[in-house]
Amino acid sequence: MIKNYRRPFLKTVAAVMADLSAIWFGLAFITPNFSPLINPDTIVILTKDITFGILFLLAATIIEKLL
């Protein structure tokens, strides 16, 4: 019974991961408009946003590959 739901569940999780990746990259794109890049905290935030974007994109790719 559970095996019937495995493929659609993984497909949904991969889609959510891809959406979260897009959100993180969107934050990295928008952040410089509201914070000066001279501030070291802004650089940390941009690095975090890009890192999470890459990680979520990687997770979505790995899950899609499992399918």
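Details of the structure are given in the entry above.
In what follows, the accompanying structure is described. (Residues numbered from 1 in each chain as written. Predicted model: local features only at pLDDT ≥ 70, side-chain atom pairs only at ≥ 80, totals over all residues. Heavy atoms only, no water.)

## Quick notes on the overall build of the protein
- Counting its secondary structure elements, the protein contains two helices and zero strands.
- Its C-alpha radius of gyration of 16 Å places the protein more than 25% over the 11 Å reference for a compact globule of 67 residues.
- In terms of its C-alpha atoms, the protein occupies a principal-axis envelope of roughly 55 × 15 × 15 Å.
- Going through the 67 residues of the protein one by one, you find that 18% of them count as buried.
- With the model as given, the accessible surface of the protein reaches about 5300 Å², and the carbon-plus-sulfur share is 74%.
- With 6 positive and 4 negative side-chain charges, the protein shows a separation of 19 Å between the mean positions of the two kinds. (Helix = DSSP H or I, 4+ residues; strand = E, 2+ residues; numbered from the N terminus. Rg over C-alpha atoms; globule rule 2.2 N^0.38 Å. Buried < 20%, exposed > 50% of the residue type's maximum accessible area, 1.4 Å probe, protein only. Areas by Shrake-Rupley, 256 points an atom, 1.4 Å probe, with all protein chains shown as cover. Lys, Arg positive; Asp, Glu negative; His and termini not counted. Charge placed at Lys NZ, Arg CZ, Asp CG, Glu CD.)

## Section: the packing of aromatic side chains
- The tally for this structure, following the rule as stated, stands at one aromatic pair.
- Measuring from ring centre to ring centre gives 4.9 Å for Trp-24 and Phe-52, while their planes differ by 35°; the resulting arrangement is tilted. Residue Trp-24 is located in helix α1 (residues 2-34), and its partner Phe-52 is located in helix α2 (residues 40-66); the two are separated by 28 residues in the primary sequence. (Phe/Tyr/Trp six-rings, centres within 6.5 Å; stacked < 30°, edge-to-face > 60°.)

## Some points on the side chain of Thr-42
- Among the structural elements, Thr-42 can be located in helix α2.
- Judged by its relative accessible area of 2%, Thr-42 is buried.
- From its side chain, Thr-42 meets the backbone oxygen of Pro-36 in a polar contact 3.1 Å long. (Polar contact = N/O pair within 3.5 Å; in protein donor to acceptor, adjacent residues only side chain to side chain.)

## Quick word on a nonpolar patch on the surface
- A grouping of Phe-52, Leu-55, Leu-58, Ile-62 and Leu-66 is seen on the molecular surface, where their side chains present a nonpolar patch of about 470 Å² in accessible area.
- By secondary structure assignment, the location of Leu-55 is in helix α2. (Patch = residues over 30% accessible without salt bridge, like charges linked within 9 Å, V, L, I, M, F, W, Y side chains within 5 Å. Salt bridge = Lys/Arg side-chain N within 4 Å of Asp/Glu carboxyl O.)

## Thoughts on the environment of Ala-15
- Position of Ala-15 among the secondary structure elements: in helix α1.
- For the pair Ala-15 and Thr-61, spaced 46 residues apart in sequence, the C-alpha separation works out to 9.8 Å.

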